[in-house]
Amino acid sequence: MQAIQTAIVGAGLWGRAHADVYHEHPQVRLVAICDRNVERAQALAAAYGIERVYSDVDALLAAGGFDAVSIVTPDHLHADIAVKCAGAKKHMLIEKPLATTREDVFRIVEAARQNQVRVMVDMHNRWNPPFAEARRMIENGELGRIRSAYLRLDDVRRVATDMLSWASRSSVLWFLGSHSLDLLQWLVGSRVKRVYAVSSRGVLDSQNVSSEDVFQITLEFENGSIAQMENGWITPNAYPRANDMKCSLSGDKGLLSIDTGSHNLIQLYSDQKASVPDILARNVIHGHTAGFAYESIRSFAEALLHNKPFGVSLDEAASVSLAILAIMESARTHQPVTVDYGMLAHPSAQIDNKYAR
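Scoring rules and cut-offs
- Residues numbered from 1 in each chain as written.
- Predicted model: local features only at pLDDT ≥ 70, side-chain atom pairs only at ≥ 80, totals over all residues.
- Heavy atoms only, no water.
- Pairing = 2+ DSSP bridges.
- Helix = DSSP H or I, 4+ residues; strand = E, 2+ residues; numbered from the N terminus.
- Axes fitted to C-alpha atoms, helices over the stretch in contact; angles between N-to-C directions.
- Phe/Tyr/Trp six-rings, centres within 6.5 Å; stacked < 30°, edge-to-face > 60°.
- Buried < 20%, exposed > 50% of the residue type's maximum accessible area, 1.4 Å probe, protein only.
- Lys NZ or Arg CZ within 6 Å of the ring centre and 35° of its normal.
- Polar contact = N/O pair within 3.5 Å; in protein donor to acceptor, adjacent residues only side chain to side chain.

### Some details on the sheet that holds strand E1 (residues 4–9)
Stage number 1. Spatial ordering of the open sheet is given by E3-E2-E1-E4-E5-E6, a layout of six strands whose pairing is parallel. Every other strand in the sheet has two partners, leaving strand E3 (52–54) and strand E6 (119–122) as the edge strands with one partner each. Averaged over all pairs of adjacent strands, the angle between their axes in this sheet comes to 25°, without regard to strand direction.
Stage number 2. The pairing of E1 with strand E4 (residues 68–71) spans four bridges and is parallel. Note that in E4 the partner of Val9 across the bridge is Ile71.

### Brief notes about the packing of aromatic side chains
Stage number 1. This model, assessed by the stated rule, comprises three aromatic pairs.
Stage number 2. Ring geometry for Trp166 against Phe175: centres 6.4 Å apart, planes inclined by 70°, an arrangement best described as edge-to-face.
Stage number 3. With relative accessibility at 19%, the residue Trp166 sits in the buried group.
Stage number 4. With 5.4 Å between their ring centres and 25° between their planes, Phe300 and Phe310 make a pair best called stacked. A residue pair is termed long-range when its members are at least 10 positions apart, and Phe300 in helix H9 (residues 292–306) and Phe310 in the loop between H9 and helix H10 (314–333) qualify at 10 residues.
Stage number 5. A connected cluster of aromatic rings, assembled from ring pairs, spans Trp166, Phe175 and Trp233.
Stage number 6. Its guanidinium or amino end placed over the ring of Phe66, Lys90 lies 4.5 Å from that ring's centre, counting from NZ or CZ.
Stage number 7. Over the aromatic face of Tyr341 sits the side chain of Arg191, whose NZ or CZ is 3.9 Å from the ring centroid.

### Considering the environment of Glu316
Stage number 1. Here Glu316 lies in helix H10.
Stage number 2. Along the backbone, Glu316 and Leu98 are 218 residues apart, and their C-alpha atoms lie at a distance of 9.9 Å.
Stage number 3. A polar side-chain atom of Glu316 sits 3.3 Å from a polar atom in the side chain of Arg126.

So this is what it looks like as structure tokens:
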């Protein structure tokens, strides 16, 4: 089996996660790094012995020599890069969200269709063990039909104030809501039909980050299920984990509860702080990358290598962005908003149907 040649656009924190996986995979060759900050690109390339470094996507694509690309840039910068990569016939793994405007969502979908390239968006919580187990239980009928759900995913404040230099150009809905909404649609087994949302702001504004602090949303799904969803990034920084995530699913036959935010698997205490080390999302076991955030990237490579379906279809990811745009509109207008999927194919007719399960 021929190895896949890959490139990475975006050499920040999560770009390194992609590099970790590609570097370790025996049938993947990471051949180029691209970032507008050339010193950052050079540092990442040097860590993995990669010779080709670019500060411009056009130059990367003109040089060629690779099959697939990971797009790991800030949320609002995905679209132009993705359209150019599609035009160059490159398969793509795009960090969530797919795009942050309606126009950009459809530009990417159309470019992928016209150029017959495959696109996966990294909704990595589908590989999160408790949620993967919940999906298995639902598929096996253990909960019956899901009637209602609740999901909260909040971050500590430093994510918006310190970790993301571009937080004001994004939103907690793009950063966390993409994961939340994708999980709910995946678990409920239906797209969102209508949303009603409210939001609050002031805390981050006072710290020079122009953004809503928190959203609370009511969701109606096409199959009749309902859900409540909360996303915020003003949890106090002393919280022992970077995020707090809780979910419950109520069906005809049972109730399922998930709490990944406060577990007792491993805890670390010192005179200065208490912390809960991450052993689910990203960790290293005997020198090898482990955790669900790595597994989603690895699954992208495996799907390309073995001509298998992606764990997240392009249409599914596009539906998440369109529903989040409806949530933003609802919070702004204080009115319920019906999600307009436009030209987007229904999940039963995914554009990647050649590979559909």
